[in-house]
Every structure is written in structure tokens, then in C-alpha cells.
Amino acid sequence: MNSKIERELDELVTAKVITPIVEQDIRQYYAREKVAQPNKLFAIFGVLGSLLTGLGVILILAHNWDDFSRATKTIWAFAPLVVGQLLVAYTLFKKKSNAWKETAAVFLFFAIGSSIALVSQIYNIPGEMSSFLLTWIILAAPLVYLLKSHAAALLHILFATIYACNAGYFYDASPYLYLLMLGWLAPYYWMQLKSRTSDNITGIFNWFLPLSMLISLGAFIQWDNSFVFLTYIFLFGLFYNLGKLPVFENQKLRTNGYLILGSLGTVITLFITSFRFVWDEFINEFLSINDSVTTVVIGVVTLAVIAFLFSKKRLRPFNLFQYVFILFIGICVFKTEGSFVPTVLINILILALGVFTVEMGARKNLFSVLNYGLLIITGLITCRFFDTDISFVLRGLLFVAIGAGFFGANYFMYKKASRKSVSEVSVNQKMKNDE
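Bear in mind the structure is a predicted one, so any value in this text is a computation, not a measurement.

(A) Up close: unusual backbone geometry. That bond from R316 to P317 is cis: its omega, 0 degrees, falls within 30 degrees of zero. Mapped onto the elements, P317 comes out in the loop between α14 (293-311) and α15 (324-333). Phi is positive for K313, close to 55 degrees, though the residue is something other than glycine.

(B) Representation of the packing of aromatic side chains in the model. All chains considered together, the criterion is met by 24 aromatic pairs. Ring geometry for Y189 against F205: centres 6.1 Å apart, planes inclined by 50 degrees, an arrangement best described as tilted. Here Y189 is found in helix α8 (residues 177-195), whereas its partner F205 is found in helix α9 (residues 200-217), with 16 residues between them in sequence. Assigned by exposure class, Y189 and F205 land together as buried. Plain terms: the ring middles of F318 and F356 are 6.4 Å apart, the flat faces sit at 80 degrees to each other, and that makes the pair edge-to-face. Remark: F356 occurs in helix α16 (residues 340-364) and F318 occurs in the loop between α14 and α15; sequence separation between them is 38 residues.

(C) Representation of helix α12 (residues 257-272) in the model. Taking 1.5 Å of rise per residue, 16 residues should cover 22 Å, and α12 covers 22 Å from first to last C-alpha, within 8% of that figure. Most of α12 is tucked away: 12 of the 16 residues are buried. Taken as a whole, α12 has its buried residues at G257, Y258, L259, L261, G262, S263, G265, T266, V267, T269, L270 and F271.

(D) Looking closely at the packing of helix α10 (residues 227-243) against α15. Where α10 contacts α15, the axes come no closer than 8 Å and their chain directions differ by 160 degrees. The angle between α10 and α15 places the two elements in the roughly antiparallel class. Counted together, F229, L230, I233, F234, G237 and N241 of α10 and F325, F328 and I329 of α15 form the full contact between these two elements. A class-by-class count of the residues in the contact of α10 with α15 yields 7 nonpolar, 2 polar and no charged.

(E) Broad picture of the environment of F205. A relative accessible area of 1% means that F205 is categorised as buried. Through-space distance from the C-alpha of F205 to that of Y189 is 7.7 Å; in sequence the pair is 16 residues apart. Not counting residues within four places of it along the chain, the set of residues in contact with F205 comprises H150, A153, L154, I157, Y188, Y189 and P210.

Criteria and thresholds
- Residues numbered from 1 in each chain as written.
- Predicted model: local features only at pLDDT ≥ 70, side-chain atom pairs only at ≥ 80, totals over all residues.
- Heavy atoms only, no water.
- Helix = DSSP H or I, 4+ residues; strand = E, 2+ residues; numbered from the N terminus.
- Phe/Tyr/Trp six-rings, centres within 6.5 Å; stacked < 30°, edge-to-face > 60°.
- Buried < 20%, exposed > 50% of the residue type's maximum accessible area, 1.4 Å probe, protein only.
- Expected span 1.5 Å × (residues − 1).
- Axes fitted to C-alpha atoms, helices over the stretch in contact; angles between N-to-C directions.
- Parallel < 35°, antiparallel > 145°, perpendicular 65-115°, else oblique.
- Contact = heavy atoms within 4.5 Å.
- Nonpolar A, V, L, I, M, F, W, Y, C, P; charged D, E, K, R; others polar.

Right under this line is the structure:
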């Protein structure tokens, strides 16, 4: 147990805040946690060890590769695959710990890829990078459920993202198989959310999956049409509303990647579209473009999530971020009258988001949310600093006002939190005296 916690426990017992029995229970709890911790470290170092071992073997073989005969090269090509399968079999039959499972899964995952690559090189089998990645991912996919390996699941997401980017960005082909790859992982992810909601690994999945979808989205859309910004606004709206689902909202904020990415992505996209030249050059006649399937599908899914939240009565209190994607559609309609009106409306929407976030932070006594709202307002003023013809004196006064606003808002929150703490201490002291 941490020495600081031990000292605090002694102080709490001395001050009669907790009883010696409670102190003993707390010490036993931390003792159990300490016993479980080395197993996690062993799993991490086991995965790293398998990676380093594999890289070392590759370097040794690469140095002497040209001296081997074709038969010898073939044996070496399949050797890592055989070793990896034996390691997995040993882990399963002996019912080894999770650390063994993670190590075996990572080793076999890379052994599959190296064997495919080496055989292709030895026998000069042609093929595209996307085909190689697809074969690799499909062959390694069962490891996720066979070994219940978190590392294999994360590698599956990573290489599925690489496949989508390679096929979509470089070969201009929509990688719809990427969706099937994520679908394969969906049951495993759902089990994590249901049984291990507060675990760190679940938080990592909550970041990996939305980041993967965000990176891969560009492979499904045409960058020369007007639906690009609308598609990303829909995606960020989907992320934010997913982050408001009970299974995610009850987690710590830092593990809710959907909510954070949805909020930041929405604000950044609105900042980009707050410039008039974006509407003039990139967002052309909105209503004359044929429907984008990707945009429509993401929009429908987002509306379905909104409907589910409404059915569960989780849309109260009102949260402006949840409806930005709907408002953006309405703003796009005004493009038929020119770029001036949509630009003004986007700026008003950004200002409303900033004010709403400041109000929410003040209401919930959250300094992080309050300052986030102030940063949104500051960003809006900074953007207008570059495309508005006003004097430098007025610009300077605006930034002085922003700085004063930051200081004043945080000071107000600090005083409010201090008064609340003092009142709670007074109430607790009064209750203690009454007892």
C-alpha cells in the first residue's frame, strides 16, 4: 500500500473519522489489489517481450537470408507460425494465466503476417498490400475469441484501420470489408462493456474504436463533393450521443473517448466552416448533389441513437451538443441564398455552444467544462481576428476582456466551491456534535 495512504488511515483513526475495523478492511482491500497488480505487469512485459523476440529473430534471419536455399527459406518462413501455434496450444491445454494468453496471441498474430510475407517473397507471388492485410487479418481474427486476448483485439482494430486506409486512400476503393471486421469484434467489445465497464482496457477500447472509425471514414467518401463536412458532423454527433448512453456516461470522462472526440470534432468542424471562403470554394450547391450513402447511413444511425436516448428519458437536461448535426443540416439549406447567411449562422452556433458549455460548467461546478467553454469563445474570437477588418486596439481590448473573463469565471467557481466545502464541513461537524 502507498505510504501516504497508510499515514492518512492512521490520521483518520486517530481523529475517530473511521473505526479500526474499517481501517483493517481498507488495508486488506489494497493488499488484494497489490497481489493482482504483478499479473498485469507480467502480461504487459510478456507482450513486449514477444514483440522484441520476434524483431530480433527477423533481424538475424534478414542478415543471412540470401545465403539460404529456397527449401531452407520456406522452413524458416513457417517456423514462427508453428512455434506460435504450439505456444497457443500449450497455453490453452495448461489453462495458463491471462499473461500467457496475451503473449501467445501477439506472437502468433505477427507470426501469421511474417509467414505470409516470406512465402510471397520466396515464391514471387504478386499481390497488393490491401490483399495481404486482408488475408492476415482474417487468419488472425479467431485469436480474439480463442484466447480472449485484449492485445489481439486491439491489433485487429489497428490493422483493420490500416487496411481501410490503404484500400480507400491509395487505391480509391471503398473498403466495406472494414465494417465486417469491426462487426466481428462487436460481441467481444460488448462483453467488455457489460462485465468490465470500469477497467482500463475498456477505456482503451473506447478510444481505439472511435479513432479507428474517424480515421477510416475518409476512405468511404468523395472529397470533392459538398457532403464531406456534413458527413463528419454526423459522425461526431454520433460519437457524442453514443457517449451519453448509460454504459458510457457512467464511466470516468477520460475513458469516454466517444464523448470527448464527439465534442472536440464538432467544435473543430464548426470552426473550419465558420470561414466564408469554405462555403464559397468547398461547399457548393448543397441541394444539387446526389445523396451520399455514407452520409445518409451515419445520419440515420445518429437519429436512431437520439431516439433511443429519448425513449430512456436521457435527453434531459437539454444539451446543445447533441443536436448540432441537425442544426447543421438547416444551415446548409441556406447555402442556396449564398455563403453569407450560413457563415453567420455557424458563428452564432459556435458562440451558443461556448456559452452553453460555460453555463453547464458553472452549474455543475466543473472547472474543466467551464474553461472548455471559454476556450470555444476564445477560438471563435481568434478566428474572426484573421478575417475581420477591425482595429488592433479593439482586437487587443477583446483579448484583454477574454483574459479577464477567464480569471473572473474561475475565481467565481473557486469561491463557490469553497463556500460549498465550508458549509458541508459545518453540517458534518454539527451532526457529529449532536451524536
